[in-house]
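# Structural overview
Given next are the chains, with one letter for each unit.
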Amino acid sequence: MSKDLDMINRDPNNLNDHVKVLFEEILGEPDGAHSIDCVWSCAYKCFECFKGCCYKFLTVLCGIPLAICWGCEFAYITFWHVWYVTPCMRAYMINCGCLQKFYGTCLQCYLQPLCEALSFFFSNIKVTNMSG
């Protein structure tokens, strides 16, 4: 049950590809509108530093409590499905099977003979085309 925690690739299923934020994806100066090189370089360093520091601060502050909350949430979802949703769905499918048999039997007993009788009645009709 114990699985080794991958400390290098922490998103092996690419759950959060949409939040991979790089400096180049946020800020970009088009040709003809370039700041001084030292400003651009400093902006890059500040962006990376503050993004990293703020993220680490927020994870230290909120990461463990949120992990506890999400663990409880998914435990509740699993419990609800194991002990309520799946048994309800199974009972529903069993009852639908019975209803399907009942409905099929009713069709075979009542509607099929009626359709057969009507087909015999209408099978004796002959259409003659008289062109004239």
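None of the values given here were measured: they were computed from a predicted structure. (Residues numbered from 1 in each chain as written. Predicted model: local features only at pLDDT ≥ 70, side-chain atom pairs only at ≥ 80, totals over all residues. Heavy atoms only, no water.)

### Details of the side chain of aspartate 11
You can see aspartate 11 is positioned in the segment before helix H1 (23-26). Buried within the structure, aspartate 11 lacks any salt-bridge partner; lysine 20 is the closest side chain of opposite charge, at an N-O distance of 6.0 Å. Looking at aspartate 11, its side chain comes within polar contact range of the main-chain nitrogen of leucine 15, at 2.7 Å. (Helix = DSSP H or I, 4+ residues; strand = E, 2+ residues; numbered from the N terminus. Buried < 20%, exposed > 50% of the residue type's maximum accessible area, 1.4 Å probe, protein only. Lys, Arg positive; Asp, Glu negative; His and termini not counted. Salt bridge = Lys/Arg side-chain N within 4 Å of Asp/Glu carboxyl O. Polar contact = N/O pair within 3.5 Å; in protein donor to acceptor, adjacent residues only side chain to side chain.)

### Re helix H2 (residues 37-123)
Between its first and last C-alpha, H2 extends only 92 Å over 87 residues, short of the 129 Å set by a 1.5 Å rise per residue. Taken as a whole, H2 carries its principal kink of about 50° at cysteine 62; the proline proline 65 stands between one and four residues after it. (Expected span 1.5 Å × (residues − 1). Bend = angle between axes of the 7 residues up to and from the residue.)

### As for the packing of aromatic side chains
Taken as a whole, this structure holds 7 aromatic pairs when the rule is applied. Here phenylalanine 23 and tryptophan 40 contribute two aromatic rings whose centre-to-centre distance is 5.0 Å and whose plane-to-plane angle is 65°, an arrangement assigned as edge-to-face. Note that phenylalanine 23 is positioned in helix H1 and tryptophan 40 in helix H2, a separation of 17 residues in sequence. For phenylalanine 23, a relative accessible area of 2% puts it in the buried group. Its relative accessible area of 30% is what places tryptophan 40 among the partly exposed residues. Taking the centre distance of 6.0 Å and the plane angle of 40° together, the rings of tryptophan 70 and phenylalanine 74 count as tilted. Separated by 4 residues within a single helix, tryptophan 70 and phenylalanine 74 lie in helix H2, roughly one turn from each other. Residue classification places tryptophan 70 among the exposed positions, given a relative accessible area of 52%. In textbook terms, an aromatic cluster arises when at least three aromatic residues are bridged by ring pairs, as seen for Phe23, Trp40, Tyr44 and Phe47. (Phe/Tyr/Trp six-rings, centres within 6.5 Å; stacked < 30°, edge-to-face > 60°.)

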